[in-house]
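Fold and contact review
Listed here are the chains, written in short residue letters.
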Amino acid sequence: MAQAAKDLRIDRAEVFVVGPEVERYTWAEGMSGQYMTNIILKLTTKGGLEGIAGAAMIMSHGFDRAVAETLRLLLPDLIGASALEREAIWYRLQTMGTPLVPQAMSLIDIALWDMAAKHAGLPLYRMLGGARDKVAAYASTPLLADADAYVRYVAERLDEGFRAIKFHCWCEPSRDLPMVEAVRAAFPEPSVALMLDVEQRYDRHQAARVLPRLEAVDLTWFEAPLLDGDLEGYAELRRRSAVPILAAGNTILDLAQLARGLELGAWSMARVDATIAGGITPTRKIMALAEAHHTSCELQCWGYTLTQAANLHLMLGYGNCRYFEQPSPYPVFEYGSHTPIRTDAQGFVQAPEGHGLGVEIDWPAVQRATLLHFEQR
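The structure contained in this document is the topic of the report that follows. Just so we're clear, the structure is a prediction, and the values are computed from it rather than from any experiment.

Rules used throughout
Residues numbered from 1 in each chain as written. Predicted model: local features only at pLDDT ≥ 70, side-chain atom pairs only at ≥ 80, totals over all residues. Heavy atoms only, no water. Axes fitted to C-alpha atoms, helices over the stretch in contact; angles between N-to-C directions. Helix = DSSP H or I, 4+ residues; strand = E, 2+ residues; numbered from the N terminus. Parallel < 35°, antiparallel > 145°, perpendicular 65-115°, else oblique. Left-handed = near helix turned anticlockwise from the far one by under 90°. Contact = heavy atoms within 4.5 Å. Nonpolar A, V, L, I, M, F, W, Y, C, P; charged D, E, K, R; others polar. Buried < 20%, exposed > 50% of the residue type's maximum accessible area, 1.4 Å probe, protein only. 1 Å grid on protein atoms, 1.4 Å probe; cavity = no way out; pocket = protein on both sides within 12 Å on 5 of 7 lines; lining within 4 Å. Points joined across faces, edges and corners; volume = space filled by probe spheres on them. Phe/Tyr/Trp six-rings, centres within 6.5 Å; stacked < 30°, edge-to-face > 60°. Lys NZ or Arg CZ within 6 Å of the ring centre and 35° of its normal. Disulfide = S-S within 2.5 Å.

1. Things to note about the packing of helix α8 (residues 204-216) against helix α9 (residues 231-240)
When two helices pack together, their arrangement is given by the angle between the helix axes and the distance between those axes. Orientation of α8 relative to α9, taken along the N-to-C sense of each, is 25 degrees, at an axis distance of 10 Å. Taken together, the axes of α8 and α9 lie roughly parallel to each other. Crossing handedness for the pair α8 and α9: right-handed. Across from Arg-204, Ala-207, Ala-208, Leu-211 and Glu-215 in α8, the residues of α9 making contact are Glu-232, Gly-233, Leu-237 and Arg-240. Here the contact of α8 with α9 is built from residues that sort into four nonpolar, one polar and four charged.

Rendered as structure tokens:
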């Protein structure tokens, strides 16, 4: 038994900063094509057990290496630690310096969970609780050219099996609202769910003014109308709206701050991404917090396959998340994976096969696009 415990000590960590040359999209007016860096962390124990995680950093003008450089300073404290001591490691790393780049903490934690589930011989979602083995998906659009392009896009996605679509748009009410109305006119069936994400770019007046028109098209939710930190503004919008409202979910990540927002009634649902919020360890607590407030936690999945997989396992493990966010078109987000996650003909994403995250990495493709690689022993 002592030898087995020794074999579970981490003795190697590798970081890959991957910048593939793929088509670049935007999700708001005025943005240039976004460079989506895939930061991959691979941890290995003395006994050869591996854990893998990936997080996306998305920036204009070039690929971002900040997360990797933060990991360079954290990983020495991971060497020699047990792969099964996720909670202890997460709390210890919180006090190792000034506030950290959150994706760095997330990568370490997710890789440890991947390792633990592989050690247990289970898919991660079953280790987390196994609430279900599939979840409904919505197609998450890039910014398209005009309203007609959105109508065509929705028709294509419905043909593929989707029953829900979320629009990334110009983030200008004078253009966004006619587009959503044109799509609803083309697809009036109540079974077709529509969401609108305006990337925190409306002010309070604009957001309040569009609510009646959003209610008229039976919007499933209105995402990120205000800056995430404007809790009072969100609470006021919710008092005036029949449309569910939620934040972008990239800024307020601390459990106590999220509790405060839910207590104020700022959001209809919680919203985070496990690869941004510090990993699976804190995100499962956030999901429990949302459940305690009688609502769901609608996890983000915008990123490469490893990012999608971490959030998907949480959705399947706990159940209080209504939709999987399926970035579309698919190919851009599948680079470096032999096992991409896709929505089926019935509009669901199925549980990944295999132990842990269940993602099989295309390492030759990763290496071809690697901009920075280092290891810690």
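What follows picks up the thread again.
2. With respect to the side chain of Lys-42
By secondary structure assignment, the location of Lys-42 is in strand β2 (residues 34-45). The class for Lys-42 is buried, based on a relative accessible area of 13%. Those residues in contact with Lys-42, other than ones at most four positions away along the chain, are Arg-12, Ala-13, Glu-14, Glu-50, Gly-51, Ile-52 and Trp-363.

3. Thoughts on the layout of surface pockets
Approximately 600 Å³ is the volume found for the largest pocket. Lining the largest pocket are 25 residues, and of these Trp-27, Ile-58, Asn-250, Ile-276 and Gln-300 sit closest to its centre. Among the elements of the structure, β3 (50-60) and β5 (164-168) are those that each provide at least two residues to the lining of the largest pocket. For the lining of the largest pocket, a count of residues per class yields eleven nonpolar, six polar and eight charged.

4. With respect to empty space enclosed by the protein
Vacant regions in the atomic arrangement are exposed by a probe of water-molecule size rolled over the atoms. Throughout the structure, instances matching the rule amount to five cavities of 30 Å³ or more. Around the largest cavity sit 15 residues that line it, and Arg-24, Tyr-25, Gln-34, Met-36 and Val-332 are the ones nearest its centre. With three residues, β2 is the single largest residue contributor to the lining of the largest cavity. Per-class residue counts for the lining of the largest cavity are twelve nonpolar, one polar and two charged. Reported here for the second largest cavity is a volume of approximately 60 Å³. Every residue lining the second largest cavity is listed: Asp-228, Ala-247, Gly-249, Ile-252, Leu-258, Trp-267, Ala-270 and Arg-271. Residue composition of the lining of the second largest cavity, by class: five nonpolar, one polar and two charged.

5. Examining the packing of aromatic side chains
The description of an aromatic ring pair uses the distance of the two centres, along with the angle that the planes make with each other. On inspection of all chains with the given rule, the structure shows eleven aromatic pairs. Each residue in the set Trp-27, Trp-302 and Phe-333 is aromatic and connected to the rest through ring pairs, giving one cluster. The aromatic ring of Tyr-35 is capped on one face by Arg-24, whose charged end is 3.7 Å from the ring centroid.

6. Things to note about the state of the cysteines
Per the stated rule, a full pass over the model turns up zero disulfides. Cys-169 takes part in no disulfide bond, and the closest cysteine sulfur to it belongs to Cys-171, at a distance of 4.5 Å. With a relative accessible area of 0%, Cys-169 lands in the buried category. Of the cysteine sulfurs around Cys-297, a residue in no disulfide, the closest is that of Cys-321, at 6.6 Å.

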